[in-house]
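Structural overview for review
What follows is the residue order along each chain.
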Amino acid sequence: MKIKRILCCLLCLVLFAALAGCFKNEGSMPFNGDITFHQIQMTIPSEFIRDSTQSSDDVWLFEQGWYKKTIVVMRRQVQEDPAAFVNAYAEGLQNQGIQSEVTTFSKMPAVMSSATRENGVFWQELSFILDGAFYAVALNGGTETEFQALVDTISIPS
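Anyway, here's the lowdown on the structure attached to this text. Quantities reported herein were computed from a predicted structural model and do not represent experimental measurements.

1. Points about the pairing of strand β6 (residues 99-105)
Across seven bridges, β6 lies against strand β7 (residues 108-116) in antiparallel orientation. Across the sheet, the residue bridging to Glu101 is Met112, located in β7. If you look at the hairpin formed by β6 and β7, you'll find two residues sitting between the two strands, and Ser106 has a positive phi there, around 50°.

Okay, structure coming up:
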């Protein structure tokens, strides 16, 4: 009887710890809607939901319809000159057959890229440098209109 009580208590503690772990990142990594990701803010459409098992501090993955569409928001530090890094990034994508154009986004050097993958899925990405960090926002499986609507929500608070 004593062993059953101990096992029951241990099971309750494990369950409590597991549930607490599920909710610990709620404030810093929302499921959708208005998000703040490091230094950028944007709105993730309500039909997408964050996959916390595939997300980390520097990569957030949102999926819709069992991954028929995905939004990836990513950040990493860079040491290079922003313009040189953006140009090299665009050239690297072009060498892989991905349409990439160097442009500006919020007065920063940026790259707008798009490709149709082997499986026929359309992919688009906006990437830029902000305060020594490389940011990329990509939509996989959506349309140009959906991607532009997503990009239009991106802001950089002062």
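Moving on from the model shown.
2. Here's the deal with the packing of aromatic side chains
Scanning the model with the defined rule gives seven aromatic pairs in all. Judged by centre distance (5.6 Å) and plane angle (15°), the ring pair of Phe128 and Tyr135 falls under stacked. Look at Phe128 and you get buried, because its relative accessible area is 0%. Among the aromatic residues, those joined into a cluster by ring pairs are Phe37, Trp60, Phe62, Phe105, Phe128 and Tyr135. Taking the ring centre of Phe31 as reference, the NZ or CZ of Arg50 above it sits at 4.2 Å.

3. Examining the pairing of strand β5 (residues 69-77)
By the bridge criterion, six bridges tie strand β4 (residues 59-64) to β5 in an arrangement that is antiparallel. Note on β5: the bridge partner recorded for Trp60 is Val73. Between the antiparallel neighbours β4 and β5 lie four residues, among them Gly65 with a positive phi of about 60°. Examined bridge by bridge, β5 and strand β9 (residues 133-140) share eight bridges and lie antiparallel to one another. Within β9, the residue paired with Val73 across the bridge is Val137.

4. Considerations on the environment of Ala136
Tracing the backbone through its elements, the reader meets Ala136 in strand β9. Look at Ala136 and you get buried, because its relative accessible area is 6%. Considering only alpha carbons, one finds Ala136 and Met74, 62 residues apart in sequence, at a separation of 5.2 Å. Not counting chain neighbours up to four residues away, the residues in contact with Ala136 comprise Val72, Val73, Met74, Glu125, Leu126 and Ser127.

5. Concerning the pattern of salt bridges
Inspection of the entire model under this criterion finds two salt bridges. When the shortest N-O distance is used, the salt bridge between Asp58 and Arg75 registers 3.7 Å. On the criterion of sequence distance, the pair formed by Asp58 in the loop between β3 (49-50) and β4 and Arg75 in strand β5 is long-range, its members being 17 residues apart. Take Asp58: its relative accessible area is 30%, and that puts it in the partly exposed class. The shortest N-O distance in the salt bridge between Lys69 and Glu146 comes to 2.6 Å.

6. Notes on helix α2 (residues 82-95)
Taking 1.5 Å of rise per residue, the 14 residues of α2 would be expected to cover 20 Å, and the 20 Å separating its terminal C-alpha atoms lies within 8% of that figure. When we look at burial in α2, the residues that qualify are Phe85, Val86, Ala90 and Leu93. With its buried residues spanning 130° around the axis, α2 presents them on a single face. Where the residues of α2 are buried, they touch β5, β6, β7, β8 (122-130) and β9. Of the residues flanking the end of α2, it is Gly97, one or two places downstream, whose phi is positive at about 85°.

What counts and what doesn't
Residues numbered from 1 in each chain as written. Predicted model: local features only at pLDDT ≥ 70, side-chain atom pairs only at ≥ 80, totals over all residues. Heavy atoms only, no water. Pairing = 2+ DSSP bridges. Helix = DSSP H or I, 4+ residues; strand = E, 2+ residues; numbered from the N terminus. Phe/Tyr/Trp six-rings, centres within 6.5 Å; stacked < 30°, edge-to-face > 60°. Buried < 20%, exposed > 50% of the residue type's maximum accessible area, 1.4 Å probe, protein only. Lys NZ or Arg CZ within 6 Å of the ring centre and 35° of its normal. Contact = heavy atoms within 4.5 Å. Salt bridge = Lys/Arg side-chain N within 4 Å of Asp/Glu carboxyl O. Expected span 1.5 Å × (residues − 1). Arc of directions from axis to C-beta.

So yeah, pure geometry; function would need other evidence.
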